[in-house]
2 protein chains.
Amino acid sequence: MAERGPRERMVFSTAQLIRREGVTATGLRDVVAHAEAPRGSLGHYFPGGKEQLVNEAVDWAGRYAANRIDRFLAGMARPTPSRLFAAMVRQWTDEFAAIGFDQGCPVAAATVDASVTESTRAAAAAAFSAWRAPIARALVGMGVPARKATAAATLMVSALEGAILIARAERDTRALTTVARELGPLLDGYVTR
Amino acid sequence: MAERGPRERMVFSTAQLIRREGVTATGLRDVVAHAEAPRGSLGHYFPGGKEQLVNEAVDWAGRYAANRIDRFLAGMARPTPSRLFAAMVRQWTDEFAAIGFDQGCPVAAATVDASVTESTRAAAAAAFSAWRAPIARALVGMGVPARKATAAATLMVSALEGAILIARAERDTRALTTVARELGPLLDGYVTR
DNA sequence: AGGCTACTATGACGGCCGTCATAGGGGGTG
DNA sequence: CACCCCCTATGACGGCCGTCATAGTAGCCT
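What you are looking at is a predicted structure, and each value in this text was computed from that prediction instead of being measured.

Draft legend 1. Geometry of the UniProt feature "domain: HTH tetR-type" (unreviewed entry) in chain A. Annotation from UniProt places "domain: HTH tetR-type" (unreviewed entry) at residues 14–57 of chain A. When the span residues 14–57 of chain A is considered, its composition is 66% helix and 0% strand, and the gap between its end C-alpha atoms is 6 Å.

So this is what it looks like as structure tokens:
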């Protein structure tokens, strides 16, 4: 997360804060403090106000999740659906173990939280889409029929998001490891060649 | 939702409002208005303040979800894991179709949202537990080994919660129907007798 | 009747929110 | 130098928040 300009830092910090506080509870003053950004720049870079800032943070999160998928695949010698899913899950178990359960998924937070604006809801939908696309593409590359790939990707994201939720509530990664274990064989079963 | 006292109405209204606004965005004044309850009673019935009110709402939601499971089973001639899951999913697709995508799961909202207090987080964990227990019990009754039943219940709740999230973001029930369809055979495969 | 308890009414308090108006720096260009 | 444009500084505004103090009212118990 190299040294970027104030604008990018604010978007990134917004995503970070949304992850643990939710949209409504994240104040713009908190954002500038976290980003160590000049407060006066807020209205300058984000004339659309908090709504614009939040939307950009959600966009950022969607792109980040998508990139992660590609990175997981790049690190695998012989990728399989279950291995990809295991990597996605492990990313979260590792993070929970390392820094605690306070930070969840920003896209989930933006979806659930608050008097979320229509535009923010649309940003969340786009983020889920951006996340699912590389998964489905990867599954096809592993031999899953295109017809089944998007459904499988939806299942993977759903199970992961739900398990993240439960893990945070229980402060225990068990839900995550459970879904990875139980879903693995089913996912590999989609492969036809 | 028969005519209850003001106290119960406030708890119920809190759950309703949390479902669509989140915890932080739900104001106490909104609650009394929605419950048509006397404002002066808030501090009387809930000396623990908003925190207590939210916790009771989450508790209520957990019990409600658990009761729903029993009601689903009662309405089935020959219950199977996939049929139970389909019923759980259908409850949500029906609700989304009927009243829109504005209302999600209150337990998810309480988990994700905000400067949620430790006690609220614990209430959410208890709610998930209360929800999962009757599912696991039902699975055992259908012939799923006890060893596998809790894992399967966790998978079902995870996939459902995640799909609810995606469905709300996309304003489309497709994610829900997808997980029901894809997970069905796996769930029935747990049955050994 | 008197008194005690359970409940309700009302308004004020301090605090934080997102937004905006105003003004100042500061470097590159004419 | 003068100018302009991009960025930043600062403080005020109205509004809503959760909480609390104070003052009632209603009804049962003895």
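Draft legend 2. Spotlight on the protein's contact with DNA strand D. Near DNA strand D you find 16 residues, and of these P38(A), R39(A), S41(A), L28(B) and R29(B) are the closest. Among the atoms of DNA strand D lying within 4 Å of the protein, the sugar-phosphate backbone contributes 54%. For DNA strand D, a phosphate oxygen lies 3.0 Å from a polar atom in the side chain of H44(A). Within the contact set of DNA strand D, a phosphate oxygen lies 3.3 Å away from a backbone nitrogen or oxygen of T26(B). Secondary structure elements with two or more residues in the surface near DNA strand D: α3 (42–45) of chain A together with α2 (28–35) and α4 (49–74) of chain B. The biggest single contributor to the surface near DNA strand D is α2(B), with three residues.

Draft legend 3. A look at the protein's contact with DNA strand C. Close to DNA strand C lie 16 residues; L28(A), R29(A), P38(B), R39(B) and S41(B) are nearest. Counted by atom, the contact set of DNA strand C within 4 Å of the protein is 55% sugar and phosphate. Take R39(A): an N or O atom from its side chain is 3.3 Å from a base oxygen of DNA strand C. Within the side chain of K50(A), an N or O atom sits 2.9 Å from a phosphate oxygen of DNA strand C.

Draft legend 4. View of the relation of the copies chain A and chain B. Expressed as a screw transformation, the operator carrying chain A onto chain B has a rotation angle of 180 degrees and an axial translation of 0.0 Å, and the superposed copies differ by an RMSD of 0.0 Å. As the rotation angle and translation indicate, the two copies are arranged about a two-fold axis. The overlap is high: 100% of the interface residues of chain A also sit at the interface in chain B, so the same surface is used on both sides.

Draft legend 5. Here's a closer look at α4(B). Residue and element names in this part refer to chain B. Spanning 26 residues, α4 covers 38 Å between terminal C-alpha atoms, matching the ideal 38 Å at 1.5 Å per step. Taken as a whole, α4 has its buried residues at L53, V54, N55, A57, V58, A61, G62, A65, A66, R68, I69 and F72. On its buried face, α4 sits against α1 (6–21), α2, α3 (42–45), α5 (81–99), α6 (106–112) and α7 (118–141).

Draft legend 6. Geometry of the interface of chain A and chain B. Taken residue by residue, the interface counts 42 residues in chain A and 42 residues in chain B. Summed over both partners, the interface of chain A with chain B comes to about 3500 Å²; 67% of that surface belongs to carbon and sulfur atoms. Ranking the residues of chain A by area buried against chain B places V112(A), L165(A) and E182(A) at the top, with a combined share of 19%. Taken together, the connections running from chain A to chain B amount to four salt bridges. Close ionic contact of K148(A) with E182(B) constitutes a salt bridge, the shortest N to O distance being 3.1 Å. For the pair chain A and chain B, the interface holds eight residue pairs in polar contact (both at pLDDT 80 or more).

Draft legend 7. Here's a closer look at α5(B). Residues and elements named next belong to chain B. Across its 19 residues, α5 extends 28 Å between first and last C-alpha, which sits within 8% of the 27 Å expected from 1.5 Å per residue. As for α5, its buried residues are in contact with α1, α4, α7, α8 (146–170) and α9 (174–188). A positive phi of about 90 degrees marks G100, the residue just after α5.

Criteria and thresholds
Residues take numbers from 1 onward in each chain, read along the sequence in its written order. To label them, take the chains in the order written and letter them from A, then take the ligands in the order written and number them from 1. In keeping with the model being predicted, local features are shown solely for residues with a pLDDT of at least 70 and side-chain atom pairs are shown and tallied solely at 80 or more, while totals for entire chains, interfaces and linings include all residues. For side-chain calculations, the full set of non-hydrogen atoms in the structure is used, while hydrogens and water are omitted. UniProt positions are given in the numbering used here, feature names are shortened, and annotations may be inferred rather than shown by experiment. Helix and strand labels come from DSSP, where a helix needs a run of H or I of at least four residues and a strand needs a run of E of at least two; each type is numbered from the N terminus. One heavy atom within 4 Å of a molecule or strand is enough for the residue carrying it to be called near that molecule or strand. Two N or O atoms form a polar contact when they lie within 3.5 Å of each other; inside protein one atom must be a possible hydrogen donor and the other a possible acceptor, and for residues adjacent in sequence the pair counts only when both atoms belong to side chains. Copy-to-copy superposition: least squares on the C-alpha atoms, limited to residues that have pLDDT of at least 70 in both copies. When checking whether two residues touch, look at their non-hydrogen atoms; a contact exists if any pair is within 4.5 Å. By this rule the span expected of a helix is its residue count minus one, scaled by 1.5 Å. The cut-offs for exposure are 20% and 50% of the maximum accessible area for each residue type, with area from a 1.4 Å probe on protein chains only; residues under the lower value are buried, those over the upper are exposed, and the others partly exposed. Here the quantity called buried area is the accessible surface, traced with a 1.4 Å probe, that two parts lose on coming together, added over both. Think of a salt bridge as a Lys or Arg side-chain nitrogen and an Asp or Glu carboxyl oxygen that are within 4 Å of each other.

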